[in-house]
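# Notes for the structure review
One-letter residues, chain by chain:
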Amino acid sequence: LLLLLGTRTLSEVHAQAASPPDSSTFRNVVYAELGGRFLQGGGVQYERAFTLMKGCSLLLGVGVGSSYRMHSELASWPVIVPISGAISLGKRQGRLEVGFSRLLVKEACYDDPDGEVYGILPMAGYLGYRRLPSPGRRLFYKIDLLVYPAAFIPLPFLGVGVGYAF
């Protein structure tokens, strides 16, 4: 009797492990993004979702990448580390995102004897759409519009990301 009960329990655990996860169980996403939080460049982003209530999640993310920037006549590719937070709304695979991003920047400075400058850019807001994978799949994609507060007018940056959900 104990042998039968143990065999049944092990087979149920194995069946749960072998079945493809539901899209609502994906909590982590790693993806490559062009534009968006990386302005005129690209990078890799990691995000973690925390469920607040049914159909509403808090997304926290960090990434690393680079962006094209022109200094007088010299071009550079500063390192950008975006730190972001968002609220994701939706009960199905397609979700609306509303969030913010703060960019930490490290770039070469040609006028400085040390040669490097570190900075924190102003907070930028974004609105986006993410598509979580269907059951049995892992492909994740998103599109977002980041609005960066420039000196006189807000600058929009469109971003596209594709990656892996787990």
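Residues numbered from 1 in each chain as written. Predicted model: local features only at pLDDT ≥ 70, side-chain atom pairs only at ≥ 80, totals over all residues. Heavy atoms only, no water.

### Looking at the side chain of Asp-144
- With respect to the secondary-structure elements, Asp-144 resides in strand S10 (residues 139-149).
- Once residues within four sequence positions are removed from consideration, Asp-144 is found in contact with Glu-33, Gly-36, Arg-37, Tyr-126, Leu-127, Gly-128, Phe-157, Leu-158 and Gly-159. (Helix = DSSP H or I, 4+ residues; strand = E, 2+ residues; numbered from the N terminus. Contact = heavy atoms within 4.5 Å.)

### Things to note about the confidence of the model for the protein chain
- On average, residues of the protein chain carry a pLDDT of 81, and 75% of them reach 70 or more.
- No element of the protein chain has a lower mean pLDDT than helix H1 (residues 2-18), which averages 45, and none a higher one than strand S1 (residues 28-35), which averages 96.
- Across residues 1-23 the pLDDT falls below 50, and counting only partners more than four positions away or on other chains, this stretch makes 10 contacts in the model. (pLDDT = per-residue confidence, 0-100.)

### Details of the pattern of salt bridges
- In the structure shown here, the tally under the stated rule is eight salt bridges.
- Between Arg-37 and Asp-144 there is a salt bridge, and its shortest N-O distance comes to 3.7 Å. With Arg-37 in the loop between S1 and strand S2 (41-53) and Asp-144 in strand S10, this residue pair connects regions lying 107 residues apart in the sequence.
- On the accessibility criterion, Arg-37 (0% relative accessible area) is buried.
- In this structure Asp-144 comes out as buried when scored by relative accessible area, which is 3%.
- For the salt bridge of Glu-47 with Arg-130, the shortest nitrogen-to-oxygen distance reads 2.1 Å. Within this pair, whereas Glu-47 is found in strand S2, its partner Arg-130 is found in strand S9 (residues 124-131), the two being separated by 83 residues in sequence. (Salt bridge = Lys/Arg side-chain N within 4 Å of Asp/Glu carboxyl O. Buried < 20%, exposed > 50% of the residue type's maximum accessible area, 1.4 Å probe, protein only.)

### Some thoughts on the pairing of strand S3 (residues 56-67)
- Note: S2 against S3, 12 bridges, orientation antiparallel. Looking at the pairing, Gly-42 lines up with Ser-66 of S3.
- The hairpin turn running from S2 into S3, its antiparallel successor, is two residues long, and Gly-55 in that turn takes a positive phi close to 85°.
- The sheet contact formed by S3 and strand S6 (residues 79-89) spans nine bridges and is antiparallel. Paired with Val-62 across the two strands is Ile-83, which belongs to S6. (Pairing = 2+ DSSP bridges.)

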